[in-house]
Amino acid sequence: GAGVSQSPSNKVTEKGKDVELRCDPISGHTALYWYRQSLGQGLEFLIYFQGNSAPDKSGLPSDRFSAERTGGSVSTLTIQRTQQEDSAVYLCASSLTAASYNEQFFGPGTRLTVL
Amino acid sequence: AQSVSQHNHHVILSEAASLELGCNYSYGGTVNLFWYVQYPGQHLQLLLKYFSGDPLVKGIKGFEAEFIKSKFSFNLRKPSVQWSDTAEYFCAVNARGGNTGKLIFGQGTTLQVKP
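Calculation notes
- Residues numbered from 1 in each chain as written.
- Chains lettered and ligands numbered in written order.
- Predicted model: local features only at pLDDT ≥ 70, side-chain atom pairs only at ≥ 80, totals over all residues.
- Heavy atoms only, no water.
- Pairing = 2+ DSSP bridges.
- Helix = DSSP H or I, 4+ residues; strand = E, 2+ residues; numbered from the N terminus.
- Axes fitted to C-alpha atoms, helices over the stretch in contact; angles between N-to-C directions.
- Phe/Tyr/Trp six-rings, centres within 6.5 Å; stacked < 30°, edge-to-face > 60°.
- Contact = heavy atoms within 4.5 Å.
- Buried area = accessible area lost by both parts, 1.4 Å probe.
- Salt bridge = Lys/Arg side-chain N within 4 Å of Asp/Glu carboxyl O.
- Polar contact = N/O pair within 3.5 Å; in protein donor to acceptor, adjacent residues only side chain to side chain.
- Nonpolar A, V, L, I, M, F, W, Y, C, P; charged D, E, K, R; others polar.

1. A look at the sheet that holds strand β6 (residues 65–69) of chain A
Residue and element names in this part refer to chain A. Overall, antiparallel pairing links the four strands, which are arranged β1-β3-β7-β6 in an open sheet. The outermost strands of the open sheet, each flanked by one partner alone, are β1 (5–7) and β6. Looking at each pair of strands side by side, their axes are set apart by 15° on average, direction ignored. In the sheet, β1 pairs with strand β3 (residues 19–24) via three bridges, with the strands oriented antiparallel. If you follow Ser7 over to β3, its bridge partner there is Arg22.

Structure representation (structure tokens):
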């Protein structure tokens with residue numbers, strides 16, 4: 001079926017506003033990951049979900065960032081009071097399970113620009 | 001601290017030239033190793049991966065990589081590049097056997113192949 005989808009593809013916002021980024025994983029994939037790709041920083045892990053287990057939030061850069069996954073499927077990454085340093089491409093990936101050998105399939109990303 | 005280092009940030013080659021992209025990692029434990037590729041305008045996708053066994057692994061499109069444990073390296077190679085190999089390449093690691101596939105990425109190498 002379809003791959004990982006993300007929306008919106010581009011988001012321009014003003015400093016201080018809240019934004020929500022959405023990820024639809026591949027159907028049947030129980031693990032879902034968020035990464036951030038900043039200019040010159042490569043890709044950095046933010047958070048991951050595995051089934052109904054508590055998410056691993058160890059990569060979230062500040063308490064302005066949060067994420068949820070409803071019904072074990074769609075996930076939303078929320079950034080409150082956005083700052084210019086939050087400008088980046090936010091990538092979502094899913095895999096069959098969170099086992100380390102499983103391939104992660106990436107979505108097209110959401111490009112966030114904070115003015 | 002866990003980290004992945006890619007030595008070359010921007011590589012320019014002519015078609016038919018040989019390619020080697022360096023990747024070194026620092027990780028306290030046994031790892032799985034990956035190379036991902038992002039072609040212009042496309043999603044990040046898996047090129048090849050190493051879990052165990054033969055340290056020389058072959059991936060799609062004629063790419064291969066060799067895991068050298070003593071050097072903590074996983075360099076990517078291709079004997080003869082094509083213009084269509086122009087892309088950004090990312091090396092990544094995760095902890096083998098863990099219940100999370102959380103990936104640590106290098107900063108990426110941009111490869112430009114001139115026709």
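Next comes the rest of the description.
2. A closer look at the packing of aromatic side chains
The tally for this structure, following the rule as stated, stands at 15 aromatic pairs over all chains. Taken together, Tyr33(A), Tyr35(A), Phe45(A), Tyr48(A), Phe106(A), Phe34(B), Tyr36(B), Phe51(B), Phe90(B) and Phe105(B) form an aromatic cluster joined through their ring pairs.

3. Concerning the interface of chain B and chain A
Taken together, the contact between chain B and chain A spans 24 residues of the former and 21 residues of the latter. Roughly 1,700 Å² of surface becomes buried between chain B and chain A when both sides are summed, with 53% attributable to carbon and sulfur atoms. Summed over the shared surface of chain B and chain A, the number is one salt bridge. Residues Asp56(A) and Lys102(B) are paired through a salt bridge, measuring 3.6 Å at the closest nitrogen-oxygen approach. Applying the counting criterion to the chain B and chain A interface returns ten residue pairs in polar contact (both at pLDDT 80 or more). Put simply, the parts of the chain that give the side of chain B that touches chain A at least two residues each are β5 (31–38), β6 (44–50) and β10 (87–95) of chain B. Its residues assigned to classes, the side of chain B that touches chain A shows nine nonpolar, eleven polar and four charged.

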